[in-house]
Amino acid sequence: METTSGRRRLGRRSATRENLAGWLFLAPVVVILALFMLLPILMALWVSLTSWNGQGSPFTGKVPFVGVDNYTRLFAQDDLARQDFMTSIRNTIYYVAIVVPAQTTLALGLALIVNNRVLKGKTFFRSAFFFPSVTSSVAISVVFLFIFANSGAVNGMLGLFGIRGPEWFSDSRGLLHLLLGGLGLVDPDAPPAALTGGGPFGLSWWDWLSGPSVAMVTIIMLVVWTTSGTFMLMFLAALQGIPVTLEEASLLDGAGRWQRFRYVTLPILKPTMFLVLTLGLISTWQVFDQVYVMSQGNPAKTTLTPAYLSYRKAFRDFDYGTGTAISFVLFAVIVVLTLVQRWVMRDRTPAIRPGRS
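Residues numbered from 1 in each chain as written. Predicted model: local features only at pLDDT ≥ 70, side-chain atom pairs only at ≥ 80, totals over all residues. Heavy atoms only, no water.

Asks: Got a minute to help me understand the pattern of salt bridges in this structure?
Replies: If charged atoms from side chains of opposite charge come close, those side chains can pair. In this structure the tally under the stated criterion is six salt bridges. One salt bridge connects Asp84 with Arg312, and the closest N-O pair in it is separated by 3.6 Å. Here Arg312 lies in helix α15 (residues 306-315) and Asp84 lies in helix α3 (residues 80-114), a separation of 228 residues in the sequence. There is no split in this pair, since Asp84 and Arg312 are both buried. (Salt bridge = Lys/Arg side-chain N within 4 Å of Asp/Glu carboxyl O. Helix = DSSP H or I, 4+ residues; strand = E, 2+ residues; numbered from the N terminus. Buried < 20%, exposed > 50% of the residue type's maximum accessible area, 1.4 Å probe, protein only.)

Asks: I tried to follow the environment of Phe318 on my own but got confused; where do I start?
Replies: Following the sequence through the fold, Phe318 ends up in the loop between α15 and α16 (320-344). As for Phe318 and Gly54, which are separated by 264 residues in sequence, their C-alpha atoms are 6.2 Å apart. Setting aside its immediate chain neighbours within four residues, Phe318 contacts Trp52, Asn53 and Lys313. (Contact = heavy atoms within 4.5 Å.)

Asks: Is there a simple way to think about the layout of surface pockets in this case?
Replies: Over the atoms rolls a probe the size of a water molecule, and in doing so it shows where empty space is left. Considering only enclosed or pocket space, the largest pocket measures out at about 650 Å³ in volume. Of all the secondary-structure elements, those providing two or more residues to the lining of the largest pocket are α10 (214-240), α11 (244-252) and α12 (257-268). Of the voids in this model, the second largest pocket is the one considered here, and its volume is about 460 Å³. Of all the secondary structure elements, the ones that give two or more residues to the lining of the second largest pocket are α1 (4-47), α15 and α16. (1 Å grid on protein atoms, 1.4 Å probe; cavity = no way out; pocket = protein on both sides within 12 Å on 5 of 7 lines; lining within 4 Å. Points joined across faces, edges and corners; volume = space filled by probe spheres on them.)

Asks: So what exactly am I meant to see when it comes to the nonpolar core here?
Replies: Side chains of nonpolar character tend, in soluble globular proteins, to be buried together. Counting 55 residues, the largest nonpolar core has Phe85, Tyr95, Ile219, Phe235 and Trp285 as the members making the most contacts within it. Broken down by secondary-structure element, the contributors of at least two residues to this core are α2 (69-75), α3, α5 (137-147), α10, α13 (270-285), α14 (289-294), α15 and α16. In terms of residues, this core owes the most to one element, α10, which gives 13 residues. In contact with Phe85, other than residues within four places in its own chain, are Leu74, Phe75, Leu309, Ile326 and Val329. Ranked by size, the runner-up nonpolar core spans five residues in total, among them Val47, Trp52, Ala314 and Tyr320. (Core = buried A, V, L, I, M, F, W, Y, C linked by side-chain atoms within 4.5 Å.)

Asks: How do you make sense of helix α4 (residues 122-134) when you look at a structure like this?
Replies: Residues spaced three or four apart along an α-helix face the same direction, because each turn holds 3.6 residues. In this model α4 runs 18 Å from its N-terminal to its C-terminal C-alpha over 13 residues, within 8% of the 18 Å that 1.5 Å per residue would give. Largest kink in α4: about 25°, centred on Ala128, with the proline Pro132 one to four residues after it. (Expected span 1.5 Å × (residues − 1). Bend = angle between axes of the 7 residues up to and from the residue.)

Asks: What should I look at first to understand a nonpolar patch on the surface in this one?
Replies: Among the surface-exposed residues, Val29, Ile32, Leu33, Leu35, Phe36, Met37, Leu39, Met43, Trp46, Phe59 and Phe65 lie close enough to one another that they form a single nonpolar patch of about 1,100 Å² accessible area. Relative to the elements of secondary structure, Leu39 occurs in helix α1. Since its relative accessible area comes to 38%, Leu39 is described here as partly exposed. (Patch = residues over 30% accessible without salt bridge, like charges linked within 9 Å, V, L, I, M, F, W, Y side chains within 5 Å. Areas by Shrake-Rupley, 256 points an atom, 1.4 Å probe, with all protein chains shown as cover.)

Asks: Please clarify how the packing of α3 against α15 should be interpreted in this entry.
Replies: A pair of packed helices is characterised by two quantities: the angle between their axes and the separation of those axes. Here α3 crosses α15 at 150°, and the two axes come no closer than 9 Å. Between α3 and α15, the crossing angle belongs to the class labelled roughly antiparallel. Of α15, the residues touching α3 (which contributes Ala81, Asp84, Phe85, Ser88, Ile89 and Thr92) are Pro306, Leu309, Arg312 and Lys313. Residues belonging to the contact of α3 with α15 are distributed by class as follows: five nonpolar, two polar and three charged. (Axes fitted to C-alpha atoms, helices over the stretch in contact; angles between N-to-C directions. Parallel < 35°, antiparallel > 145°, perpendicular 65-115°, else oblique. Nonpolar A, V, L, I, M, F, W, Y, C, P; charged D, E, K, R; others polar.)

Asks: What exactly am I supposed to notice about the side chain of Thr87 here?
Replies: Within the secondary structure, Thr87 is located in helix α3. Among residues more than four places away in sequence, those in contact with Thr87 are Leu203, Lys301 and Leu304.

Asks: Can you walk me through the packing of α11 against α12 in this structure?
Replies: Across the interface, α11 lies against α12 with an axial gap of 11 Å and an inter-helix angle of 160°. The orientation of α11 with respect to α12, classified from their angle, is roughly antiparallel. As α11 runs across α12, the sense of the crossing is right-handed. Of the residues in α12, those touching α11 at Leu246, Glu247, Ser250 and Leu251 are Arg260, Val264 and Ile268. When the residues that make up the contact of α11 with α12 are grouped by side-chain class, the tally is four nonpolar, one polar and two charged. (Left-handed = near helix turned anticlockwise from the far one by under 90°.)

Take a look at the structure:
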C-alpha cells in the first residue's frame, strides 16, 4: 500500500514537471521580450547617464559618463534645458487636465446613447462614433490643419456670425490669460509684477497660470474627438454586461433615471472607469504624433510636450543623454500618477469579518 509520504513525493514531482513544461512553453516569449524590450530599456538607461552625441557606439569608453547630470539639469540647473522641460510639463498638465475628463465624459455619454434599447440604427451610430479612432492620426491631423487654417472652415463659419476667428496655430496666448483679460482683472500685456517676479523651476507664476494656448486647444479638440470612440466601446461592453434584473429592480423601487445611473450603473462601471482613466492618462502624457504633425512645439513652445522634446533633443540636437533622461522622467511621472489614481479609486468598502463565537 502506498504511503502518504510517497504520494506527496509523487505530487511534488508531478508539479515540478508541470512547472518545467510551463516555463519551456514560455521561454520563447520571455526571450523575445527580454531581447526586444528589456535590453533596449537598459541600453537607453545607460545612454541617459552619458553625453552621447549619436556618433559611434554609446557603450565604449570614449563616451563621457556624466551620471545623473542629465537628470539634475532638468530640475536644478537654471538653463534653457530646464526651461524647455518645465514648459513642456506645464503644457502637458493643462492638456491632461482637459483631455482625460473630456474624453471620458464624452465616451460614457456616447456609450449610454448607443446602448439605449429604443435607439434605431445602433450599428450605424457605433460605427460613426468609432470611425475617428481607427483613422490614421497623421491623416486626421493634416485635415485639422486645413480646417483650422486662417481661411479654413472654422474661421469661415465664425465669420458667418460676425466673429473673426484667431490664427489657431500661430496664437500662443493662454486661455486663462485671455479670460482674465476679458474680465478686466489683469492686462495680459502688462501682468502684475507679483506674478512675473519669480516662480518654481525657472518659470514665473504668470507662465504657470497661462492655461492652454489657443494652438493647444486645437490639438485638444482633435484628440478628444479621435479617442472617445475607443473608450466608448469599453463602456458599451461594460453596460451590456449589467444584468437587466438590476435595472428592473431599481424601477420597482421607484428609482428615477439619474438615481439608476448614480447608484446602479456607475458602481458597476468602476473597473471600466479605472481602465479608461488609466489608458487616457498614459496616452495623454505620451502625446507626440499630433504635435509633430500640427505644430512641432510652436508657437512660442506652447504646444511643446515631454515626448516631443525628448525626440527633438535626441534626433535634432543630437543630445541623446538629455533626450533619454526626459523619457525616463516621463515614465516615472506616468507610473506615479497611475499609482495615485489607483489609490484614489480603490474600493473603500470595509471587509466584513466574522465575529467571535
